[in-house]
4 protein chains.
Amino acid sequence: MHKKLKLGMVGGGRGAFIGGVHRIASRIDGEWELVAGALSSDPGRAAASADDLGIAPDRSYASYAEMAKAEAAREDGIDAVAIVTPNHMHAGPAIAFLEAGINVICDKPLSHTVEDALKIADAVKKSGKQFILTHNYTGYPLMRQAREMVASGALGEVRFVAVEYIQDWLTEPADPDNKQAAWRTDPKRSGAGGCVGDIGTHAFNLAQFVTGLEVEAMSADLTAFVEGRQVDDNVEARFRFKGGAKGTLWASQIAVGNENGLSLRVYGSKGGIEWHQENPNVMTYTPFGEPKQILTRGGAAKIGSEQSLRVPPGHPEGYLEGFATIYKDAADMIRAGDGGAGHTPGIEDGVLGMKFIAACVESSAKDGAWVTL
Amino acid sequence: MHKKLKLGMVGGGRGAFIGGVHRIASRIDGEWELVAGALSSDPGRAAASADDLGIAPDRSYASYAEMAKAEAAREDGIDAVAIVTPNHMHAGPAIAFLEAGINVICDKPLSHTVEDALKIADAVKKSGKQFILTHNYTGYPLMRQAREMVASGALGEVRFVAVEYIQDWLTEPADPDNKQAAWRTDPKRSGAGGCVGDIGTHAFNLAQFVTGLEVEAMSADLTAFVEGRQVDDNVEARFRFKGGAKGTLWASQIAVGNENGLSLRVYGSKGGIEWHQENPNVMTYTPFGEPKQILTRGGAAKIGSEQSLRVPPGHPEGYLEGFATIYKDAADMIRAGDGGAGHTPGIEDGVLGMKFIAACVESSAKDGAWVTL
Amino acid sequence: MHKKLKLGMVGGGRGAFIGGVHRIASRIDGEWELVAGALSSDPGRAAASADDLGIAPDRSYASYAEMAKAEAAREDGIDAVAIVTPNHMHAGPAIAFLEAGINVICDKPLSHTVEDALKIADAVKKSGKQFILTHNYTGYPLMRQAREMVASGALGEVRFVAVEYIQDWLTEPADPDNKQAAWRTDPKRSGAGGCVGDIGTHAFNLAQFVTGLEVEAMSADLTAFVEGRQVDDNVEARFRFKGGAKGTLWASQIAVGNENGLSLRVYGSKGGIEWHQENPNVMTYTPFGEPKQILTRGGAAKIGSEQSLRVPPGHPEGYLEGFATIYKDAADMIRAGDGGAGHTPGIEDGVLGMKFIAACVESSAKDGAWVTL
Amino acid sequence: MHKKLKLGMVGGGRGAFIGGVHRIASRIDGEWELVAGALSSDPGRAAASADDLGIAPDRSYASYAEMAKAEAAREDGIDAVAIVTPNHMHAGPAIAFLEAGINVICDKPLSHTVEDALKIADAVKKSGKQFILTHNYTGYPLMRQAREMVASGALGEVRFVAVEYIQDWLTEPADPDNKQAAWRTDPKRSGAGGCVGDIGTHAFNLAQFVTGLEVEAMSADLTAFVEGRQVDDNVEARFRFKGGAKGTLWASQIAVGNENGLSLRVYGSKGGIEWHQENPNVMTYTPFGEPKQILTRGGAAKIGSEQSLRVPPGHPEGYLEGFATIYKDAADMIRAGDGGAGHTPGIEDGVLGMKFIAACVESSAKDGAWVTL
């Protein structure tokens, strides 16, 4: 009989945002059940949150350290832990669970410093366990199809990549009562990058995921448009990739009228594609000299192997389904004990993302000088 | 500690479509666990399907009758059964479970004849149990907002409603190996309506849901464009509503280029709205004489009480989340033991839908004469 | 040396709308110069309007009758007259100019009664002159391409046609000072049809133009939603075409949020097309089972012979250019002395349009009974 | 009686592209008649072209020098000359006509070198005549509305401007028989900038036109992606504006799937706007915290003074109408003998555009160093 894998969670108590998303994502395909947690550093909130979620009191822990130890010791201990704390609190639990021999699913960015990121990477290597980074946008079926199209040469040689991730929710100074805004604009918790770390890393990761291009050099300009803000709320970067392709990245949290405007455009010598996250079930593809085609998730020109489809074309899948695909991948990888199909974001992507943030900060401090990752 | 409700399922074994959708929908909000089933009339398939789904062998039943009896007798018996069989096999299990005192969640349309529909309605009344019909498109947040906007007078007096549900998957004769196509085009199993029953009822229900208008008379024209097809693959209808409003409905399964084109437009004396299911997170609203506004799910002009939001605006929710909202409603209604917020489709909607199919068939047979429901 | 043709105009003085459109359309391709006019029944306005337009005082006439006579007698008399008066004042000048041996370009609908329409048709026949009806939407390049695609079988056998023309400018009672609204809602001047005559005829004509289908029977429902309005402001019709195709037409002037929403969708056994006038440079085309294609005016999949292109794809042409194409056709036909390429709307289209209006009014009066044209 | 102004043309003979556009634009509003030309350096082609266009043989000149002299001497000489030759042949005729006391309408970019541009500017100053540069995209009504909205503070303080102009027609090496492609990729004729001069200048001009921001410093990266191409086919630039705003510009002629993708996005502290040239009759505007609005040309939220409207909203105006507005402005300015409303592109814009090209080339040669204009 098919058995669900057991999931624990660090962070994600009452009032949190991304923890709830991880929980829904873990449920969608019926591969996981949440059985343990260190849901908050506040003991009362931790217990109440566990109760809300049907976690037995004896598996609601006061700290991640205690949880790692206790779950590793149980016969029915968790198969993986999901780490959904702010950036600066990723390394501690990640290393603790890896050292306890437990697989890790970690929210992005990997950490708040490159140094901590490298420590996590080291722990992954030593542990031999699975490490999945929830760059969830790579779970969208059409992004997997795009990756396969690029790899198969449908676009010819890639020449230019333009990726954007623009929002407007930080157009004005953050409300101190808004927990999500507060930690994201505090460099102690978010790291040196504000917007660039929060969403720039998603954009960078997605461009990498689809094109597979390697950055040779990059130049960036970070700005804090809102008075008094300690981290950037807008970044634009320029890339030179190995082999001659070029690209740009623009991430902003002050672009009024954009809720969650992640988009990707890739142009090659034979074709181009365009995709917008807010309507993720369509992507346009133009073979040079022919009419533009509207490709739909699972539609007429689907490419089978890379797509994860739950419902037929025309029945929109969204953000949560894409996120769930990462959890489905994680389950498959853990059951198989191997690295999976090779397209699920992992530790290398996490380290690269941290280097990207650092490079942006460095280049911007040097007036946009070219730097390497 | 929050406990999940227990769900059973009739139909939905290997090879089925809508059963899987119900299961995902039931999982998304963490309110249900699937513990029992009569998943197929083929015993081997039933057992294998149960095993796939982690249902214990002693709760995998050979028939719905046996299941209703056994589950009613268990202390830990199911809280509700989901009926996901073809239309002509709804009445049997629905009545059996209601008579056993078990709540029912039933796929649409309610049945294959008005007669059977009325029998189910009678059983619901006698049982005093909850009956939820999964007209899932009413679970889309913006459709709930639209309903509230109409009710609040944002559109003034409604004058004209245009609802469409157009697809193209039956453009050619159905492949006999396509199980979904086979029963939908067989009047013995689908009922007298083909396209009108399969998707026309969704369109009709959605227009009713949003506007609350009552049909005074209607006229319809059904066509089977594909040679040899025994049921309609295209229907267009004209409505006169009480109070003077009018409307049209067009459903088709031969409109090439449309995957799942459900759309709703409502125009009143003071405003108009337009919505398309394939990109369900946006709806336009025009107050007469002002610019058209793009309303987004959970965005700037959200109307709180009617919306069920899992992720922020710009993070698209889709078909499965809308479906899940029906399951969330069902859970809330069952826990509370009452009829819920009054917007979840129920037995009356199911009977009305069956009368709508019958009226379409009757009017069309009479050359489009006006008929009543 | 290339010489411009000479144009006269009846109607279109200061304060008029469509006269100005005709003048721009006549200028765009440099084939016409406006040299004469009976621009208003008010002598002062006529003279002032002529002066505005650079028409010599001796060719500004007090009546169309005088103008027809005088221009026919001049050696440098006009090659054609444009009639841009309200519907009930088309027949008089049209017949007068035809009888004077002068070609006629006439605004639509042809007249305000079928009777008058037939008189004009008779005059055309007797005169042997060109008669062009400005159903300008047929001048859009993509509508000409659509017509050619249907004719060439790209859609297979046409099954269903859905044409709409929805606006909102008459949502409220017409302002008596709005000259355009005033005559259009006065049955004495507009004819028995309000919305159906003003814009329904455009929609009907466009569907005919593209598909070439012949109406076998039709049923219509006209409504005046605005209190006190003497003509319809909303019409929906149902068609049975010879050969088995069907269709619907919806025209409205109370659909809030629609400025000029003319759209056409045609579905056949092998493909479907969709086009919206407000963004007329794109049309989608789906060959069954393949991705939807975005065809652009003059773009990759253009069909040469039917397109009239002034600027490259991506440089949008609009309403005025489509209108100008009718004037270009008229010039070509007059220079050649023949019927042109056969796709320019003419007297037969005008008579058919009047029969369409009459059929709508008749069917609606008979509760939607099927009628013939 | 209203008299048309007299127009001459240099360049634009048979086989040319932009000359025909200028002619249509000059005709649309009935303010100009073409009476003279030096249409080609090839005498036979010049004469044949003049004949096509109805220009009297004695006003078809063999050279612009001869034409300037002769027309200046005629009592009925031209009011303005339109210069529509390749970039490197603008300065000669522009200066000749200005010195002859004739107003000049010149295609963009102003020249092929900054040096020549400054010579033209000097000639303009000395002559006291009107000089209009056809940055035609500023003629779109919604771009004039955008300019007025920014000026009125509807967006608050502008923070970020993103302008793009992407095409794909030079994705492959230029066909030597394609006259348009040939001179645009030949630095002797186009100047040092390829894509940046041809379309980058339009993008730069439009951003300036709408925002009025002054460039403090800029950095650019030019690329020739197609092997063997002597000028850039892709440029991206970064701007720092005086007062703290920033921006990016991307122009490309190798972005497969884009026909003429000029777009502008402006984000301020209180609102944002987005506009795409290929559907120029709509622009979105979001006041921060409110729903996004779809503004239409001449629609509900039009701003009157800046709009030039020929037909009602919903009746799309396009590229030619926008171009015609520049000609209308020119006519108004010449008739009034003054500088017009101040929004028509003139000599300063032309010089600034040439400095922009030079700055892009310089910065790119210096590895993206910040430069000034």
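Nothing here was measured: the structure is a model prediction, and the numbers come from that model. Position numbers for residues count from 1 along each chain, tracking the sequence in the order it is written. Chains carry letters from A onward and ligands carry numbers from 1 onward, assigned in written order. Owing to the predicted nature of the model, reporting of local features is limited to residues with pLDDT of at least 70; listing and counting of side-chain atom pairs is limited to 80 or more, with chain, interface and lining totals taken over all residues. Each side-chain value is derived from all of the structure's non-hydrogen atoms; neither hydrogens nor water enter the calculation.

This next bit is on the interface of chain B and chain A. The contact criterion used is simple: two residues touch if any of their non-hydrogen atoms lie within 4.5 Å. The interface of chain B with chain A comprises 36 residues on the first partner and 36 residues on the second. Roughly 2,900 Å² of surface becomes buried between chain B and chain A when both sides are summed, with 60% attributable to carbon and sulfur atoms. Taken as a group, Met-1, Glu-259 and Pro-316 of chain B account for 21% of the area that chain B buries against chain A, more than any other trio of residues on that side. When a carboxyl oxygen of Asp or Glu is within 4 Å of a side-chain nitrogen of Lys or Arg, the pair counts as a salt bridge. Inspection of the chain B/chain A interface yields zero salt bridges. Accessible area that two parts lose when put together, with a 1.4 Å probe and added across both, is what the buried area reports.

This paragraph deals with the side chain of Lys-246 of chain D. With respect to the helices and strands, the residue Lys-246 of chain D is situated in strand 9 (residues 246-252). Two N or O atoms count as a polar contact when they lie within 3.5 Å, although within protein this holds only if one can serve as hydrogen donor and the other as acceptor, and sequence-adjacent residues are included solely when both atoms are side-chain atoms. A distance of 2.9 Å separates the side chain of Lys-246 of chain D from the side chain of Asp-221 of chain A, its partner in a polar contact. Not counting residues within four places of it along the chain, the set of residues in contact with Lys-246 of chain D comprises Asp-221, Leu-222, Thr-223 and Phe-225 of chain A together with Arg-159, Phe-160, Val-161, Phe-239 and Phe-241 of chain D. Numbering of helices and strands starts at the N terminus; helices are DSSP runs of H or I of at least 4 residues and strands are runs of E of at least 2.

Residues and elements named next belong to chain B. A pair of strands counts as paired when DSSP detects no fewer than two bridges linking them. The parallel open sheet is built from five strands, whose spatial order is 2-1-3-4-5. Strand pairing shows two members of the sheet lacking a second neighbour, strand 2 (32-38) and strand 5 (131-133), which therefore form its edges. The sheet shows a mean angle of 25° between the axes of neighbouring strands, direction not considered. With three bridges connecting them, strand 4 (residues 103-106) and strand 5 associate as parallel partners. Looking at the pairing, Ile-105 lines up with Ile-132 of strand 5. Here helix 1 (residues 18-28) sits on the sheet and contacts strand 1 (5-10), strand 2 and strand 3 (80-83); the angle it forms with strand 1, its principal contact strand, is near 175°. Whenever a helix is involved, its axis is fitted only over the stretch in contact; in every case the axis is a line through C-alpha atoms, and angles between N-to-C directions fall within 0 to 180 degrees.

The next thing to look at is the UniProt feature "domain: GFO/IDH/MocA-like oxidoreductase" (unreviewed entry) in chain A. Here, UniProt's "domain: GFO/IDH/MocA-like oxidoreductase" (unreviewed entry) annotation points to residues 143-274 of chain A. The straight-line gap between the two end C-alpha atoms of residues 143-274 of chain A is 10 Å; of that span, 28% is helix and 34% is strand. UniProt positions are given in the numbering used here, feature names are shortened, and annotations may be inferred rather than shown by experiment.

All names here are of chain A. The domain boundaries assigned to chain A delineate domain 1 (5-129) and domain 2 (140-311 + 346-365). Between the C-alpha centres of domain 1 and domain 2 the distance comes to 27 Å. Opposite the 22 residues of domain 1 that make contact, domain 2 presents 20 residues. Between domain 1 and domain 2 the total buried area reaches about 1,500 Å² when both faces are included, carbon and sulfur atoms providing 66% of it. Area buried by domain 1 at its contact with domain 2 is led by Lys-108, Leu-110 and Val-114, which between them contribute 28% of it. Counting across the interface, domain 1 meets domain 2 through two salt bridges. On inspection of domain 1 and its partner domain 2, the count reaches four residue pairs in polar contact (both at pLDDT 80 or more). Among the elements that make up the side of domain 1 that touches domain 2, the one with the highest residue count is helix 5 (residues 114-127) (six residues). Domain limits in this description derive from either an automatic procedure or a database domain assignment.

Here we take up the packing of aromatic side chains. Two measures describe an aromatic ring pair: the distance that separates the ring centres and the angle between the ring planes. The rule is short: rings of Phe, Tyr and Trp, with Trp giving its six-membered ring, pair when the centres are within 6.5 Å, and they are stacked under 30 degrees, edge-to-face over 60, tilted in between. A complete count under the given rule lists 48 aromatic pairs over all chains for this structure. Ring centres of Phe-204 of chain A and Phe-239 of chain A lie 5.9 Å apart, and the angle between their planes is 25°; on these two criteria the pair is classed as stacked. Taken together, the positions of Phe-204 of chain A in helix 9 (residues 195-211) and Phe-239 of chain A in strand 8 (residues 234-241) put the pair 35 residues apart, joining distant regions of the chain. Exposure class is identical for Phe-204 of chain A and Phe-239 of chain A. Each is buried. When the centroid spacing of 4.8 Å and the interplanar angle of 20° are considered together, the rings of Trp-250 of chain A and Phe-160 of chain D count as stacked. For the exposure calls, accessible area comes from a 1.4 Å probe over protein chains only, and a residue counts as buried if that area is under 20% of its type's maximum, exposed if over 50%, partly exposed in between.

Residue and element names in this part refer to chain C. Taken together, five strands build an open sheet; the order of strands is 2-1-3-4-5 and the sheet is parallel. For this open sheet the edge positions go to strand 2 (32-38) and strand 5 (131-133), each flanked by a neighbour on one side alone. Between one strand axis and the next, the sheet turns by 25° as a mean value, whatever way the strands run. The pairing of strand 1 (residues 5-10) with strand 2 spans six bridges and is classified as parallel. Each residue of the ladder has a partner; that of Lys-6, found in strand 2, is Glu-33.

Moving on, we get to the relation of the copies chain B and chain A. Both copies of the chain are related through a single rotation about an axis accompanied by a shift along the same axis. Turning chain B through 180° and shifting it by 0.0 Å along the axis lays it on chain A, with an RMSD of 0.0 Å. Considering both components of the superposition, the chain copies are consistent with a two-fold axis. A share of 100% of the interface residues of chain B reappears at the interface of chain A, consistent with the copies meeting face to face through the same patch. What sets the superposition is a least-squares fit of C-alpha atoms, and only residues with pLDDT of at least 70 in both copies go into it.

Expressed as a screw operation, the relation of chain A to chain D combines 0.0 Å of axial shift with a rotation of 180°, fitting to an RMSD of 0.0 Å. A symmetric contact is evident, with 98% of the interface residues of chain A recurring at the interface of chain D.

Residue-level contacts link 45 residues of chain A with 44 residues of chain D. The junction of chain A with chain D conceals about 3,500 Å² of combined surface from both sides, 52% of it contributed by carbon and sulfur atoms. For the pair chain A and chain D, the number of links is eight salt bridges. We note a salt bridge from Lys-246 of chain A to Asp-221 of chain D, for which the minimum N-O separation is 2.9 Å. In this structure, the connection of chain A to chain D is made through 22 residue pairs in polar contact (both at pLDDT 80 or more). Listed by contribution, the elements that provide at least two residues to the side of chain A that touches chain D are strand 6 (158-166), strand 7 (215-223), strand 8, strand 9 (246-252), strand 10 (261-268), strand 11 (271-276) and strand 12 (282-287) of chain A. The residue makeup of the side of chain A that touches chain D, split by class, is 17 nonpolar, 15 polar and 13 charged. Each residue is assigned to one class: nonpolar for Ala, Val, Leu, Ile, Met, Phe, Trp, Tyr, Cys and Pro, charged for Asp, Glu, Lys and Arg, and polar for all the others, Gly among them.

Here the bond from Lys-108 of chain A into Pro-109 of chain A is cis, since omega is -10°, no more than 30 degrees from zero. The backbone phi angle of Asp-367 of chain B is positive, close to 65°, even though this residue is not glycine. By the element assignment, Asp-367 of chain B lies in the segment after helix 11 (347-365).

Here the focus is the packing of helix 9 of chain A against helix 11 (residues 347-365) of chain A. All names here are of chain A. As a packed pair, helix 9 and helix 11 sit with axes 10 Å apart at the nearest point and diverge in direction by 120°. Classified by the angle their axes make, helix 9 and helix 11 are oblique. The way helix 9 lies across helix 11 gives a crossing that is right-handed. Here helix 9 contributes Val-196, Gly-197, Gly-200, Thr-201, Phe-204, Asn-205 and Gln-208 to the contact with helix 11, which in turn contributes Asp-349, Leu-352, Gly-353, Phe-356, Ile-357 and Cys-360. Taken together, the residues of the contact of helix 9 with helix 11 break down into six nonpolar, six polar and one charged. Under this scheme an angle from 65 to 115 degrees is roughly perpendicular, one under 35 degrees roughly parallel, and one over 145 degrees roughly antiparallel; angles in between are oblique. Left-handed is the label given to a crossing in which the near helix is rotated counterclockwise from the far helix by less than a right angle, and right-handed is the label when the rotation is clockwise.

Below, the discussion takes up helix 10 (residues 319-336) of chain B. Residues and elements named next belong to chain B. With 18 residues, helix 10 extends 26 Å from end C-alpha to end C-alpha; this agrees with the ideal 26 Å at 1.5 Å per step. Burial analysis of helix 10 places 14 of its 18 residues in the buried class, which makes it a mostly covered element. Gly-337 occupies a position one or two residues after helix 10 and carries a positive phi of about 70°. A helix is expected to reach a length of 1.5 Å times the quantity of its residues less one.

Before going further, it helps to spend a moment on the pattern of salt bridges. Residue and element names in this part refer to chain B. For the structure on display, the rule yields 98 salt bridges over all chains. A salt bridge links Glu-317 to Arg-297, with the shortest nitrogen-to-oxygen separation between them at 3.4 Å. Note that Glu-317 is positioned in the loop between strand 13 (292-296) and helix 10 and Arg-297 in the loop between strand 13 and helix 10, a separation of 20 residues in sequence. For the residue pair Glu-317 and Arg-297, the accessibility class agrees, reading buried in each case.

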